[in-house]
Amino acid sequence: MAPGRHGQRRGGRPKSKGASRKEAPAVTVHDLPDDILELIFLRLDSCASAVRAASACTRWCGVLAGAGFLSRFGSLRAHRLAGHYHTVDPFFDTSPPVGGQLTVFVPSPSMSTVVDPRRFALDFLPNSKSWEIADSRGGLLLLYKKRPHAWCTEHHPYLQDQLVVCEPLTRRHQGIIYPRDMVSQYIGLFLLDGDDDDAGGRSIGMSNFKIIAVLHKFHAWQSDGRGGVPLALVFSSGSDGGWRVPRSAAADSDNVTIPGDIDLIYFAGRVGGSAYWAIDEEDGTMLVLDEATTTFSVVTFPQNLLRSYDRYNFRVTGGEEGVLRVVRLQDNELKVFARRRGGHEWVLENFLQLREATRGQPGREDRFFEVNEALIVAADSTHVLVSPQEKTWPFSVDLQTMEVERAHERNRYAGTAFPYELPCPPALMACAERSRRRSRR
């Protein structure tokens, strides 16, 4: 083969004289658009990794500090479950566990080696032992005091003149004056994310939160007191905040009727942005609050779910992919009913015979579950806390596996447990603040 042909085959077509070869510029990470960078950053495994990435360059800091990214990242990893504030219900336990306080912070198993429970004590609050937790959201707690009143019941107390929202991690708190002209018995207090879009992606914080107080009011046109209405009163933080009655809530007051006897109304649970109350003597009737719109509605559950129910044998909980669950105790059998999102059919998902399932558990007595019905102490999306009526002996049941646990830390406290999350690290929030200042220049 001629040398010329051989050279052409190996080197390609010969270059013509004067022709200049243009090489494509090298592509680097700096050429990626912001939306692609966000997708990459969303795969970071921790807030610490996000802080290190934000320190790399100004542009990355701007992407990581964007409100949209922080909101999405926060829903995935930015908040870490530090533990739970366990409350002690005097109905089950009249001896508070620590120093007369009805609230105990217990770190989650994954944080037990790095979280000091003393750091989350509520002793920084004024008259700290007199406050009770109503709700938690992210790194904030909502607390209230019960007001002694001639018509006040244990489960539906009157509100004091003040509520408190606090951030235990920073030991800050804010008193919230309750309107005197709105003093009434309440059936629910809820803490939600604030509406401040300028909060730098922080879904909730001491400067960005909202409270919904659901009151029980008597019908103005029923002098006999037999009829009542629910009323949602909303408090928003910030300089333009304060208490208000949303138009939607005021309109619902004329359309939704509930019993005038408040003891016939039981708080059943909170799932997917809605709160549920069961209404006694009205088979299958549930009062529902949509927290986003503050509107009320009345729905009917199948009678086999609500038959012979009360606050100690019935709960509404949630699950993955929008599943709505009802947990029932009847004849000492725990049943879990489920309804898929958008569906109408209820199916029996799981059941458990308590008498047999608890045999061999430490501290179990033969008299348990023989005559008296067991009682539901508390429930969430993963577990239900149960105790026999004969004696306070709490144990938890995993709603997925229906396995009974007695040794778990949650079983030491007969009451509701409120989750507490650690917020984004201050370094990342400081980066967000710097980015916002630059964008305003």
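Residues numbered from 1 in each chain as written. Predicted model: local features only at pLDDT ≥ 70, side-chain atom pairs only at ≥ 80, totals over all residues. Heavy atoms only, no water.

The protein is annotated in an unreviewed UniProt entry as F-box domain-containing protein from Digitaria exilis.

Turning our attention to the environment of Ile262. Within the secondary structure, Ile262 is located in the loop between strand S13 (258-259) and strand S14 (265-271). Given the relative accessible area of 5%, Ile262 is considered buried. Residues Ile262 and Asp280, 18 residues apart in the sequence, show an inter-C-alpha distance of 10.0 Å. (Helix = DSSP H or I, 4+ residues; strand = E, 2+ residues; numbered from the N terminus. Buried < 20%, exposed > 50% of the residue type's maximum accessible area, 1.4 Å probe, protein only.)

Turning our attention to the packing of aromatic side chains. All chains considered together, the criterion is met by 21 aromatic pairs. Between Phe267 and Trp277, the aromatic rings sit 5.6 Å apart at their centres with planes inclined by 65 degrees, giving edge-to-face as the arrangement. One end of the pair, Phe267, is in strand S14; the other, Trp277, is in strand S15 (residues 274-279), and ten residues separate them in sequence. Judged by its relative accessible area of 35%, Phe267 is partly exposed. Ring geometry for Tyr276 against Phe301: centres 6.4 Å apart, planes inclined by 50 degrees, an arrangement best described as tilted. (Phe/Tyr/Trp six-rings, centres within 6.5 Å; stacked < 30°, edge-to-face > 60°.)

Pairs can form between side chains of opposite charge once their charged atoms are near each other. Tallying each qualifying case throughout the model produces 15 salt bridges. A salt bridge links Arg172 to Glu167; the nearest nitrogen and oxygen atoms lie 2.7 Å apart. A relative accessible area of 12% means that Glu167 is categorised as buried. Here Arg359 and Glu356 are joined by a salt bridge, their closest N and O atoms 3.2 Å apart. (Salt bridge = Lys/Arg side-chain N within 4 Å of Asp/Glu carboxyl O.)

Mapped onto the secondary structure, Asp135 falls in strand S3 (residues 132-137). A distance of 2.5 Å separates a polar atom in the side chain of Asp135 from a polar atom in the side chain of Arg270. Sequence-distant contacts of Asp135, that is, excluding residues within four places in its chain, are made with Leu141, Leu142, Leu189, Phe190, Leu191, Arg270 and Phe418. (Polar contact = N/O pair within 3.5 Å; in protein donor to acceptor, adjacent residues only side chain to side chain. Contact = heavy atoms within 4.5 Å.)

The strand order across the open sheet built from four strands is S22-S23-S24-S25, with neighbouring strands paired in antiparallel fashion. Unpaired on one side and paired on the other, strand S22 (375-379) and strand S25 (404-405) mark the two borders of the sheet. The pairing of strand S24 (residues 395-398) with S25 spans two bridges and is antiparallel. Bridging across to S25, Val397 finds its partner in Val404. (Pairing = 2+ DSSP bridges.)

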